[in-house]
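Structural features, examined
Take a look at the letters that make up each chain.
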Amino acid sequence: MEDMKVMQPSEGNKFYMCTVVIDGENPDNGKPKKIKEVHLVEATNVTNCEHKVTEQMSGTMFSWRITNMAESKIQFVY
């Protein structure tokens, strides 16, 4: 059995659930399509979370926006 890695937020951080909507397109017909993603982000606060998501999403081909951000009740990630 492989050793399991457990992740928990660093001291002073929390996990945040951040919903991102990407204005993409359907590859079959080229019509506009909204793609909803939920990101789990370790951050000190919502501002820091927004900064991390913005940094990660920079260079994305389509326009995107954060539609929701909330502190998560997740304590550990295995």
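What you see is a predicted model; the values in this text were computed from it and never measured. (Residues numbered from 1 in each chain as written. Predicted model: local features only at pLDDT ≥ 70, side-chain atom pairs only at ≥ 80, totals over all residues. Heavy atoms only, no water.)

Within the secondary structure, Ser 72 sits in the segment after β3 (63–71). For Ser 72, a relative accessible area of 11% translates into the label buried. In this structure the side chain of Ser 72 is engaged in a polar contact, spanning 3.0 Å, whose partner is the backbone nitrogen of Ile 74. Aside from chain neighbours lying at most four places away, what touches Ser 72 is Phe 15, Tyr 16, Met 17 and Leu 40. (Helix = DSSP H or I, 4+ residues; strand = E, 2+ residues; numbered from the N terminus. Buried < 20%, exposed > 50% of the residue type's maximum accessible area, 1.4 Å probe, protein only. Polar contact = N/O pair within 3.5 Å; in protein donor to acceptor, adjacent residues only side chain to side chain. Contact = heavy atoms within 4.5 Å.)

Core analysis: the largest hydrophobic core is formed by 9 residues, namely Tyr 16, Cys 18, Val 20, Ile 22, Val 41, Ala 43, Cys 49, Val 53 and Met 57. Residue assignment for this core shows that the elements contributing at least two residues are β1 (14–25), β2 (32–43) and α1 (46–57). (Core = buried A, V, L, I, M, F, W, Y, C linked by side-chain atoms within 4.5 Å.)

Attention shifts here to α1. With 12 residues, α1 should reach 16 Å at 1.5 Å per residue; the first-to-last C-alpha distance of 16 Å fits that figure. Among the residues of α1, Cys 49, Val 53 and Met 57 are the ones counted as buried. Seen end-on, α1 carries its buried residues on one side only, within an arc spanning 60°. Set apart from the buried face of α1 by more than 90 degrees, the exposed residues are Thr 47 and Glu 55. On the buried face of α1, the contacting elements are β1, β2 and β3. By the N-cap criterion, in which a side-chain oxygen at the helix start approaches the backbone nitrogen of a residue two or three places on, α1 is capped by Asn 45, the distance to Thr 47 being 3.1 Å. (Expected span 1.5 Å × (residues − 1). Arc of directions from axis to C-beta.)

Let us now look at a nonpolar patch on the surface. A surface patch of nonpolar side chains, amounting to about 460 Å² of accessible area, comprises Met 4, Val 6, Phe 76 and Tyr 78. Mapped onto the elements, Met 4 comes out in the segment before β1. On the accessibility criterion, Met 4 (56% relative accessible area) is exposed. (Patch = residues over 30% accessible without salt bridge, like charges linked within 9 Å, V, L, I, M, F, W, Y side chains within 5 Å. Areas by Shrake-Rupley, 256 points an atom, 1.4 Å probe, with all protein chains shown as cover. Salt bridge = Lys/Arg side-chain N within 4 Å of Asp/Glu carboxyl O.)

With that settled, the discussion passes to the sheet that holds β2. Spatially, 3 strands are ordered β2-β1-β3 in an open sheet, and the strand pairing comes out antiparallel. Strands at the two margins of the open sheet, each flanked by one partner only, are β2 and β3. Direction aside, the axes of adjacent strands within the sheet are offset by 20° on average. Two strands pair when backbone bridges link them, and β1 and β3 are joined in this way by 8 bridges, in the antiparallel orientation. (Pairing = 2+ DSSP bridges. Axes fitted to C-alpha atoms, helices over the stretch in contact; angles between N-to-C directions.)

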